[in-house]
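Take a look at the letters that make up each chain.
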Amino acid sequence: MTAKPSQPVFTLTTGPVNCYPEVLSALGRPVYYDYDPAFLATYERISLKLKQAMETKNVPVILHGEPVLALEAVGISVVGKDDVLLNLASGVYGDGYRSWLEPHCREYLDIRVPFNEVVDPAAVEAKLKERPDITVVTVCHHDTPSGTINPVKEIGAIVAKTKAVFVVDAVSSFGGMDILPEEVFSDIFITGPNKCMGCPPGLSMLAISDKGWAKMKANPTAPRGSILSVLDWENAWRKETGFPFTPSVAEVNGLEAALDLYLDEGPQAVWARHALTAKACREGIKAMGLELWTASENFVSPTTTAVRLPEGVEEAELRQVMRDDYGVTISSGRGATLNKLVRIGHMGPTARPIYALVAVAALGAALTKVTGKAYDVGAGSAAVMAVIDTGK
Ligand SMILES: *Cc1c(COP(=O)(O)O)cnc(C)c1O
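This structure is a prediction, so every number in the text was calculated from the model and none was measured.

Novice: How should the sheet that holds strand β14 (residues 341-345) be read in this particular structure?
Specialist: The strand order across the open sheet built from 3 strands is β11-β14-β13, with neighbouring strands paired in antiparallel fashion. A single partner strand is all that each edge strand has here, and the edge strands are β11 (304-308) and β13 (331-332). Bridge count between β11 and β14: 5 bridges; the pairing is antiparallel. By the bridge assignment, A306 is partnered in β14 with R343. Sheet strands in contact with helix α10 (residues 267-287) are β11 and β14, and its direction is about 15° off that of β11.

Structure below.
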(Lines give C-alpha, C1' and ligand atoms only; values in the text may rest on other atoms or scores of the structure.)
Protein backbone atom coordinates (compact mmCIF):
# COMPACT_ATOMS: atom_id res chain seq x y z
CA MET A 1 0.00 0.00 0.00
CA THR A 2 1.39 3.39 -0.92
CA ALA A 3 0.95 6.38 1.39
CA LYS A 4 -2.21 8.39 0.87
CA PRO A 5 -1.42 11.35 -1.38
CA SER A 6 -1.72 14.55 0.64
CA GLN A 7 -2.82 16.38 -2.50
CA PRO A 8 -5.01 15.13 -5.32
CA VAL A 9 -3.07 13.91 -8.35
CA PHE A 10 -6.05 14.46 -10.64
CA THR A 11 -8.83 16.97 -9.97
CA LEU A 12 -11.64 15.84 -12.26
CA THR A 13 -14.40 17.90 -10.71
CA THR A 14 -17.29 20.00 -11.97
CA GLY A 15 -16.06 23.18 -10.33
CA PRO A 16 -13.88 24.53 -8.97
CA VAL A 17 -11.75 22.97 -11.68
CA ASN A 18 -8.06 22.69 -12.43
CA CYS A 19 -6.83 25.87 -14.05
CA TYR A 20 -4.80 26.18 -17.23
CA PRO A 21 -1.10 26.78 -16.44
CA GLU A 22 -1.25 29.96 -18.54
CA VAL A 23 -4.07 31.22 -16.30
CA LEU A 24 -2.07 30.45 -13.17
CA SER A 25 0.90 32.42 -14.43
CA ALA A 26 -1.32 35.33 -15.49
CA LEU A 27 -2.66 35.47 -11.92
CA GLY A 28 0.92 36.27 -10.93
CA ARG A 29 1.17 39.34 -13.16
CA PRO A 30 1.75 42.62 -11.29
CA VAL A 31 -1.41 43.90 -9.62
CA TYR A 32 -1.84 47.44 -10.90
CA TYR A 33 -3.82 50.22 -9.32
CA ASP A 34 -7.27 49.93 -10.90
CA TYR A 35 -7.18 53.54 -12.16
CA ASP A 36 -3.69 53.20 -13.60
CA PRO A 37 -3.98 53.82 -17.35
CA ALA A 38 -2.36 50.44 -17.94
CA PHE A 39 -5.10 48.60 -16.04
CA LEU A 40 -7.91 50.69 -17.53
CA ALA A 41 -6.61 49.74 -20.98
CA THR A 42 -6.28 46.10 -19.96
CA TYR A 43 -9.84 46.02 -18.70
CA GLU A 44 -11.19 47.47 -21.93
CA ARG A 45 -9.14 45.05 -24.00
CA ILE A 46 -10.30 42.06 -21.95
CA SER A 47 -13.93 43.15 -22.15
CA LEU A 48 -13.63 43.31 -25.94
CA LYS A 49 -12.06 39.84 -26.05
CA LEU A 50 -14.98 38.62 -23.98
CA LYS A 51 -17.37 40.19 -26.48
CA GLN A 52 -15.57 38.28 -29.20
CA ALA A 53 -15.76 34.99 -27.30
CA MET A 54 -19.42 35.44 -26.39
CA GLU A 55 -20.22 36.73 -29.91
CA THR A 56 -22.45 39.51 -28.63
CA LYS A 57 -23.51 42.89 -29.97
CA ASN A 58 -23.16 44.61 -26.57
CA VAL A 59 -19.96 44.44 -24.54
CA PRO A 60 -20.44 41.88 -21.74
CA VAL A 61 -20.28 42.90 -18.08
CA ILE A 62 -17.78 41.40 -15.64
CA LEU A 63 -18.88 41.16 -12.01
CA HIS A 64 -16.25 40.66 -9.35
CA GLY A 65 -17.39 37.63 -7.44
CA GLU A 66 -17.99 34.03 -8.40
CA PRO A 67 -21.19 33.37 -10.35
CA VAL A 68 -23.50 33.07 -7.37
CA LEU A 69 -23.00 36.84 -7.01
CA ALA A 70 -24.20 37.25 -10.59
CA LEU A 71 -27.23 35.01 -10.08
CA GLU A 72 -28.32 37.04 -7.09
CA ALA A 73 -27.44 40.40 -8.68
CA VAL A 74 -29.41 39.54 -11.82
CA GLY A 75 -32.35 38.31 -9.75
CA ILE A 76 -32.64 41.56 -7.84
CA SER A 77 -31.75 43.82 -10.79
CA VAL A 78 -34.29 42.29 -13.19
CA VAL A 79 -37.17 41.31 -10.95
CA GLY A 80 -39.41 43.91 -9.34
CA LYS A 81 -42.74 43.90 -7.54
CA ASP A 82 -44.81 44.00 -10.73
CA ASP A 83 -43.15 40.98 -12.31
CA VAL A 84 -44.71 37.62 -12.95
CA LEU A 85 -41.93 35.13 -13.09
CA LEU A 86 -41.66 31.70 -14.68
CA ASN A 87 -38.73 29.64 -13.43
CA LEU A 88 -37.91 26.41 -15.25
CA ALA A 89 -36.59 23.96 -12.67
CA SER A 90 -34.97 20.74 -13.82
CA GLY A 91 -32.25 20.51 -11.22
CA VAL A 92 -30.69 21.86 -8.07
CA TYR A 93 -29.52 25.17 -9.59
CA GLY A 94 -32.66 25.85 -11.62
CA ASP A 95 -34.84 25.07 -8.63
CA GLY A 96 -32.53 26.91 -6.25
CA TYR A 97 -32.86 30.13 -8.26
CA ARG A 98 -36.28 30.49 -6.67
CA SER A 99 -34.78 31.78 -3.41
CA TRP A 100 -33.35 34.86 -5.16
CA LEU A 101 -36.36 35.51 -7.36
CA GLU A 102 -39.49 34.83 -5.38
CA PRO A 103 -38.99 37.52 -2.69
CA HIS A 104 -38.88 40.27 -5.34
CA CYS A 105 -41.73 39.44 -7.72
CA ARG A 106 -45.52 39.75 -7.73
CA GLU A 107 -46.03 36.12 -8.56
CA TYR A 108 -43.69 33.16 -8.83
CA LEU A 109 -44.58 30.32 -11.21
CA ASP A 110 -42.52 27.34 -12.15
CA ILE A 111 -42.36 24.32 -14.38
CA ARG A 112 -40.66 21.48 -12.55
CA VAL A 113 -39.46 18.20 -13.96
CA PRO A 114 -37.61 15.31 -12.29
CA PHE A 115 -33.93 16.13 -11.83
CA ASN A 116 -32.76 13.59 -14.43
CA GLU A 117 -35.03 15.10 -17.11
CA VAL A 118 -35.09 18.41 -18.99
CA VAL A 119 -37.77 21.03 -19.62
CA ASP A 120 -40.04 20.53 -22.63
CA PRO A 121 -40.25 23.70 -24.78
CA ALA A 122 -43.90 22.87 -25.55
CA ALA A 123 -44.71 23.13 -21.84
CA VAL A 124 -43.10 26.58 -21.76
CA GLU A 125 -45.08 27.65 -24.82
CA ALA A 126 -48.32 26.46 -23.24
CA LYS A 127 -47.56 28.26 -19.98
CA LEU A 128 -46.77 31.53 -21.78
CA LYS A 129 -50.07 31.25 -23.72
CA GLU A 130 -51.99 30.60 -20.53
CA ARG A 131 -50.23 33.44 -18.69
CA PRO A 132 -49.45 36.28 -21.12
CA ASP A 133 -48.65 38.44 -18.08
CA ILE A 134 -45.35 36.56 -17.51
CA THR A 135 -42.54 39.13 -17.68
CA VAL A 136 -39.44 37.09 -16.81
CA VAL A 137 -38.47 33.51 -17.71
CA THR A 138 -35.43 31.96 -16.02
CA VAL A 139 -33.66 28.69 -16.77
CA CYS A 140 -30.45 26.88 -15.93
CA HIS A 141 -28.90 25.61 -19.17
CA HIS A 142 -26.63 22.94 -17.75
CA ASP A 143 -27.87 21.90 -14.34
CA THR A 144 -24.49 20.71 -13.14
CA PRO A 145 -25.66 18.57 -10.18
CA SER A 146 -27.61 16.47 -12.72
CA GLY A 147 -25.38 16.69 -15.81
CA THR A 148 -28.38 17.55 -17.99
CA ILE A 149 -28.66 20.13 -20.79
CA ASN A 150 -31.92 22.05 -21.21
CA PRO A 151 -33.03 22.93 -24.76
CA VAL A 152 -32.51 26.66 -24.21
CA LYS A 153 -32.41 27.60 -27.88
CA GLU A 154 -35.90 26.19 -28.48
CA ILE A 155 -37.16 27.74 -25.24
CA GLY A 156 -35.50 31.08 -26.07
CA ALA A 157 -37.15 31.23 -29.49
CA ILE A 158 -40.54 30.85 -27.78
CA VAL A 159 -39.83 33.44 -25.07
CA ALA A 160 -38.48 35.90 -27.65
CA LYS A 161 -41.97 36.13 -29.20
CA THR A 162 -43.35 37.46 -25.91
CA LYS A 163 -42.65 40.55 -23.82
CA ALA A 164 -40.79 38.45 -21.23
CA VAL A 165 -37.05 38.70 -20.73
CA PHE A 166 -35.14 35.43 -20.87
CA VAL A 167 -32.49 34.81 -18.21
CA VAL A 168 -30.10 31.88 -18.73
CA ASP A 169 -27.63 30.42 -16.22
CA ALA A 170 -24.90 28.97 -18.43
CA VAL A 171 -22.20 28.99 -15.77
CA SER A 172 -21.01 25.43 -16.35
CA SER A 173 -21.58 25.15 -20.09
CA PHE A 174 -20.31 28.35 -21.74
CA GLY A 175 -16.83 27.74 -23.12
CA GLY A 176 -17.30 23.96 -23.13
CA MET A 177 -19.99 23.56 -25.75
CA ASP A 178 -21.95 25.36 -28.43
CA ILE A 179 -23.89 27.83 -26.28
CA LEU A 180 -23.86 31.51 -27.22
CA PRO A 181 -26.08 34.21 -25.69
CA GLU A 182 -27.59 35.56 -28.90
CA GLU A 183 -28.03 32.14 -30.52
CA VAL A 184 -30.31 31.13 -27.67
CA PHE A 185 -32.21 34.46 -27.67
CA SER A 186 -31.19 35.24 -24.09
CA ASP A 187 -31.58 38.72 -22.63
CA ILE A 188 -29.35 38.06 -19.66
CA PHE A 189 -26.84 35.27 -19.94
CA ILE A 190 -24.87 34.45 -16.81
CA THR A 191 -21.61 32.59 -16.88
CA GLY A 192 -18.26 32.44 -15.16
CA PRO A 193 -14.65 31.63 -15.96
CA ASN A 194 -14.35 29.03 -13.18
CA LYS A 195 -15.84 26.06 -15.00
CA CYS A 196 -15.14 25.43 -18.68
CA MET A 197 -12.75 28.38 -19.09
CA GLY A 198 -10.29 26.86 -16.62
CA CYS A 199 -9.93 29.81 -14.20
CA PRO A 200 -10.26 29.89 -10.41
CA PRO A 201 -13.58 31.04 -8.88
CA GLY A 202 -13.79 34.82 -8.47
CA LEU A 203 -15.56 36.46 -11.43
CA SER A 204 -18.85 36.34 -13.32
CA MET A 205 -19.58 37.35 -16.91
CA LEU A 206 -22.93 38.62 -18.15
CA ALA A 207 -24.09 39.07 -21.74
CA ILE A 208 -27.03 41.47 -21.78
CA SER A 209 -29.31 42.29 -24.73
CA ASP A 210 -30.93 45.71 -25.31
CA LYS A 211 -34.19 44.21 -23.99
CA GLY A 212 -32.32 43.01 -20.89
CA TRP A 213 -30.78 46.43 -20.19
CA ALA A 214 -34.16 48.14 -20.75
CA LYS A 215 -35.84 45.74 -18.30
CA MET A 216 -33.32 46.44 -15.55
CA LYS A 217 -33.46 50.20 -16.14
CA ALA A 218 -37.27 50.12 -15.92
CA ASN A 219 -37.17 48.21 -12.64
CA PRO A 220 -37.57 50.81 -9.86
CA THR A 221 -36.04 48.46 -7.29
CA ALA A 222 -32.95 47.52 -9.32
CA PRO A 223 -30.07 48.32 -6.94
CA ARG A 224 -27.57 51.10 -7.53
CA GLY A 225 -24.45 51.73 -5.51
CA SER A 226 -24.53 48.12 -4.35
CA ILE A 227 -22.36 45.08 -4.81
CA LEU A 228 -25.53 43.48 -6.26
CA SER A 229 -25.98 46.19 -8.91
CA VAL A 230 -25.60 45.13 -12.52
CA LEU A 231 -26.55 48.60 -13.82
CA ASP A 232 -23.55 50.23 -12.12
CA TRP A 233 -21.23 48.23 -14.37
CA GLU A 234 -22.84 49.08 -17.71
CA ASN A 235 -20.01 51.23 -19.05
CA ALA A 236 -17.24 50.18 -16.70
CA TRP A 237 -15.44 48.44 -19.55
CA ARG A 238 -14.63 51.78 -21.22
CA LYS A 239 -11.26 53.08 -20.13
CA GLU A 240 -12.74 56.59 -19.76
CA THR A 241 -15.43 55.39 -17.32
CA GLY A 242 -13.75 53.52 -14.48
CA PHE A 243 -15.30 51.29 -11.87
CA PRO A 244 -18.08 51.50 -9.27
CA PHE A 245 -15.98 49.28 -7.01
CA THR A 246 -12.46 47.89 -7.13
CA PRO A 247 -12.31 45.12 -9.70
CA SER A 248 -10.53 41.83 -8.92
CA VAL A 249 -7.36 42.80 -10.76
CA ALA A 250 -5.57 39.45 -10.58
CA GLU A 251 -8.67 37.46 -11.57
CA VAL A 252 -9.16 39.74 -14.55
CA ASN A 253 -5.60 39.02 -15.67
CA GLY A 254 -6.33 35.31 -15.33
CA LEU A 255 -9.47 35.70 -17.42
CA GLU A 256 -7.47 37.34 -20.19
CA ALA A 257 -5.15 34.33 -20.39
CA ALA A 258 -8.17 32.01 -20.54
CA LEU A 259 -9.78 34.07 -23.30
CA ASP A 260 -6.55 34.09 -25.30
CA LEU A 261 -6.29 30.30 -25.02
CA TYR A 262 -9.94 29.86 -26.01
CA LEU A 263 -9.81 32.17 -29.00
CA ASP A 264 -6.43 30.82 -30.20
CA GLU A 265 -7.49 27.18 -30.00
CA GLY A 266 -10.83 28.06 -31.57
CA PRO A 267 -14.21 27.53 -29.90
CA GLN A 268 -15.15 24.61 -32.18
CA ALA A 269 -11.97 22.74 -31.27
CA VAL A 270 -12.47 23.44 -27.56
CA TRP A 271 -16.08 22.24 -27.67
CA ALA A 272 -15.04 19.12 -29.61
CA ARG A 273 -12.53 18.01 -26.99
CA HIS A 274 -15.09 18.52 -24.21
CA ALA A 275 -17.62 16.41 -26.16
CA LEU A 276 -15.11 13.66 -26.95
CA THR A 277 -13.94 13.42 -23.33
CA ALA A 278 -17.52 13.11 -22.09
CA LYS A 279 -18.37 10.51 -24.74
CA ALA A 280 -15.32 8.43 -23.82
CA CYS A 281 -16.25 8.70 -20.16
CA ARG A 282 -19.86 7.63 -20.75
CA GLU A 283 -18.84 4.62 -22.81
CA GLY A 284 -16.36 3.55 -20.13
CA ILE A 285 -18.97 3.93 -17.39
CA LYS A 286 -21.54 1.87 -19.30
CA ALA A 287 -19.00 -0.81 -20.18
CA MET A 288 -18.46 -1.39 -16.44
CA GLY A 289 -22.19 -2.02 -16.01
CA LEU A 290 -22.88 1.36 -14.41
CA GLU A 291 -25.80 3.63 -15.27
CA LEU A 292 -25.77 7.26 -16.28
CA TRP A 293 -27.93 9.52 -14.13
CA THR A 294 -29.66 11.29 -17.04
CA ALA A 295 -32.87 9.72 -18.27
CA SER A 296 -31.64 9.94 -21.88
CA GLU A 297 -28.33 10.49 -23.62
CA ASN A 298 -30.11 12.99 -25.88
CA PHE A 299 -29.61 15.70 -23.29
CA VAL A 300 -26.48 14.54 -21.54
CA SER A 301 -23.83 17.19 -20.76
CA PRO A 302 -20.50 17.32 -22.61
CA THR A 303 -18.91 18.95 -19.56
CA THR A 304 -20.15 16.68 -16.74
CA THR A 305 -20.80 12.95 -16.53
CA ALA A 306 -23.20 12.08 -13.73
CA VAL A 307 -23.08 8.42 -12.72
CA ARG A 308 -25.95 6.86 -10.77
CA LEU A 309 -24.66 5.30 -7.55
CA PRO A 310 -25.30 1.55 -7.32
CA GLU A 311 -27.68 0.50 -4.51
CA GLY A 312 -26.14 0.78 -1.09
CA VAL A 313 -23.00 2.71 -2.09
CA GLU A 314 -22.24 5.80 -0.02
CA GLU A 315 -20.87 8.56 -2.20
CA ALA A 316 -18.56 9.92 0.51
CA GLU A 317 -16.93 6.54 1.05
CA LEU A 318 -16.57 5.93 -2.68
CA ARG A 319 -15.01 9.33 -3.33
CA GLN A 320 -12.70 8.90 -0.37
CA VAL A 321 -11.35 5.60 -1.72
CA MET A 322 -10.81 7.24 -5.12
CA ARG A 323 -8.97 10.08 -3.42
CA ASP A 324 -6.95 8.08 -0.90
CA ASP A 325 -5.96 5.11 -3.04
CA TYR A 326 -5.66 6.73 -6.48
CA GLY A 327 -5.34 10.48 -5.88
CA VAL A 328 -8.43 11.19 -7.98
CA THR A 329 -10.96 13.80 -6.82
CA ILE A 330 -14.42 13.86 -8.41
CA SER A 331 -17.60 15.71 -7.41
CA SER A 332 -20.54 14.60 -5.30
CA GLY A 333 -24.19 15.35 -6.01
CA ARG A 334 -25.75 18.48 -4.48
CA GLY A 335 -28.98 18.96 -2.60
CA ALA A 336 -31.54 16.56 -4.03
CA THR A 337 -28.91 14.66 -6.01
CA LEU A 338 -26.57 14.20 -3.04
CA ASN A 339 -25.78 10.53 -2.43
CA LYS A 340 -27.68 9.55 -5.57
CA LEU A 341 -24.83 10.10 -8.01
CA VAL A 342 -21.20 11.10 -8.41
CA ARG A 343 -19.96 13.46 -11.11
CA ILE A 344 -16.88 13.55 -13.28
CA GLY A 345 -16.06 16.96 -14.71
CA HIS A 346 -14.71 17.56 -18.20
CA MET A 347 -13.99 21.26 -18.00
CA GLY A 348 -11.17 23.37 -19.38
CA PRO A 349 -7.81 21.64 -19.03
CA THR A 350 -9.41 18.33 -17.94
CA ALA A 351 -11.50 18.19 -21.11
CA ARG A 352 -8.88 15.91 -22.64
CA PRO A 353 -10.09 12.42 -23.53
CA ILE A 354 -7.29 10.60 -21.71
CA TYR A 355 -8.65 11.92 -18.40
CA ALA A 356 -11.73 9.80 -19.01
CA LEU A 357 -9.47 6.78 -18.62
CA VAL A 358 -8.24 8.02 -15.25
CA ALA A 359 -11.76 8.67 -14.02
CA VAL A 360 -13.24 5.39 -15.26
CA ALA A 361 -10.38 3.26 -13.93
CA ALA A 362 -10.34 4.93 -10.51
CA LEU A 363 -14.13 4.79 -10.22
CA GLY A 364 -14.36 1.12 -11.25
CA ALA A 365 -11.53 0.05 -8.95
CA ALA A 366 -12.91 2.04 -6.01
CA LEU A 367 -16.39 0.59 -6.51
CA THR A 368 -14.88 -2.89 -6.51
CA LYS A 369 -13.28 -2.18 -3.14
CA VAL A 370 -16.35 -0.56 -1.63
CA THR A 371 -18.89 -3.16 -2.77
CA GLY A 372 -16.81 -6.34 -2.93
CA LYS A 373 -18.34 -6.91 -6.36
CA ALA A 374 -16.00 -6.92 -9.37
CA TYR A 375 -16.44 -3.95 -11.70
CA ASP A 376 -14.74 -4.66 -15.01
CA VAL A 377 -12.13 -1.91 -15.19
CA GLY A 378 -10.58 -3.61 -18.23
CA ALA A 379 -13.82 -3.39 -20.19
CA GLY A 380 -14.32 0.22 -19.07
CA SER A 381 -10.80 1.21 -20.10
CA ALA A 382 -11.12 -0.53 -23.48
CA ALA A 383 -14.38 1.32 -24.14
CA VAL A 384 -12.74 4.67 -23.31
CA MET A 385 -9.79 3.98 -25.61
CA ALA A 386 -12.07 2.86 -28.44
CA VAL A 387 -13.84 6.23 -28.37
CA ILE A 388 -10.51 8.09 -28.27
CA ASP A 389 -9.17 6.05 -31.19
CA THR A 390 -12.18 6.59 -33.42
CA GLY A 391 -12.27 10.25 -32.38
CA LYS A 392 -16.04 10.45 -32.13
C1 LIG B 1 -20.99 26.37 -10.52
C2 LIG B 1 -22.31 26.88 -10.88
C3 LIG B 1 -22.77 28.09 -10.39
C4 LIG B 1 -21.93 28.89 -9.42
O5 LIG B 1 -22.10 28.30 -8.18
P6 LIG B 1 -21.09 27.71 -7.08
O7 LIG B 1 -21.94 26.77 -6.28
O8 LIG B 1 -20.61 28.80 -6.27
O9 LIG B 1 -19.96 26.98 -7.75
C10 LIG B 1 -24.01 28.53 -10.81
N11 LIG B 1 -24.77 27.82 -11.68
C12 LIG B 1 -24.35 26.64 -12.17
C13 LIG B 1 -25.22 25.91 -13.13
C14 LIG B 1 -23.11 26.14 -11.80
O15 LIG B 1 -22.68 24.96 -12.27
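Having put the structure on the table, let's press on.
Novice: Whenever I open this one, the UniProt feature "modified residue: N6-(pyridoxal phosphate)lysine" (unreviewed entry) in the protein chain confuses me. Can you help?
Specialist: UniProt marks K195 with the feature "modified residue: N6-(pyridoxal phosphate)lysine" (unreviewed entry), using the numbering shown here. Positionally, K195 belongs in the loop between β9 (188-191) and β10 (204-208). Once residues within four sequence positions are removed from consideration, K195 is found in contact with T14, G15, V17, V171, S172, M347 and G348.

Novice: In this structure, what is going on with the UniProt feature "binding site: substrate" (unreviewed entry) in the protein chain? I would like to understand it.
Specialist: Mapped onto the present numbering, the UniProt feature "binding site: substrate" (unreviewed entry) falls at R343. Among the structural elements, R343 can be located in strand β14. Under the relative-accessibility criterion, R343 is labelled buried at 3%. Non-local contacts of R343, meaning those with residues more than four positions away in its chain, are made with L12, T14, T144, P145, T304, T305, A306, I330, S331, S332, G333 and R334. A distance of 2.9 Å separates a polar atom in the side chain of R343 from the backbone oxygen of T144.

Novice: Explanation requested: the packing of aromatic side chains in the structure shown.
Specialist: Each pair of aromatic rings is reported with the distance of its centres and the angle of its planes. The tally for this structure, following the rule as stated, stands at 10 aromatic pairs. Ring centres 5.8 Å apart and planes at 70° place the aromatic pair Y35 and F243 in the edge-to-face group. Of this pair, Y35 sits in the loop between α1 (21-27) and α2 (37-54) while F243 sits in the loop between α8 (210-218) and α9 (249-265), and the two are 208 residues apart along the sequence. Given the relative accessible area of 38%, Y35 is considered partly exposed. Owing to a relative accessible area of 8%, F243 belongs among the buried residues under this scheme. On the basis of an interplanar angle of 85° and a centroid distance of 6.1 Å, the ring pair of F174 and F189 is categorised as edge-to-face. On the criterion of sequence distance, the pair formed by F174 in the loop between β8 (165-169) and β9 and F189 in strand β9 is long-range, its members being 15 residues apart. On the accessibility criterion, F174 (0% relative accessible area) is buried. Connected via pairs of aromatic rings, a cluster forms that spans Y33, Y35, F39, Y43, W233 and F243.

Calculation rules
- Residues numbered from 1 in each chain as written.
- Predicted model: local features only at pLDDT ≥ 70, side-chain atom pairs only at ≥ 80, totals over all residues.
- Heavy atoms only, no water.
- Pairing = 2+ DSSP bridges.
- Helix = DSSP H or I, 4+ residues; strand = E, 2+ residues; numbered from the N terminus.
- Contact = heavy atoms within 4.5 Å.
- Axes fitted to C-alpha atoms, helices over the stretch in contact; angles between N-to-C directions.
- UniProt positions renumbered as here; feature names shortened; annotations may be inferred.
- Buried < 20%, exposed > 50% of the residue type's maximum accessible area, 1.4 Å probe, protein only.
- Polar contact = N/O pair within 3.5 Å; in protein donor to acceptor, adjacent residues only side chain to side chain.
- Phe/Tyr/Trp six-rings, centres within 6.5 Å; stacked < 30°, edge-to-face > 60°.

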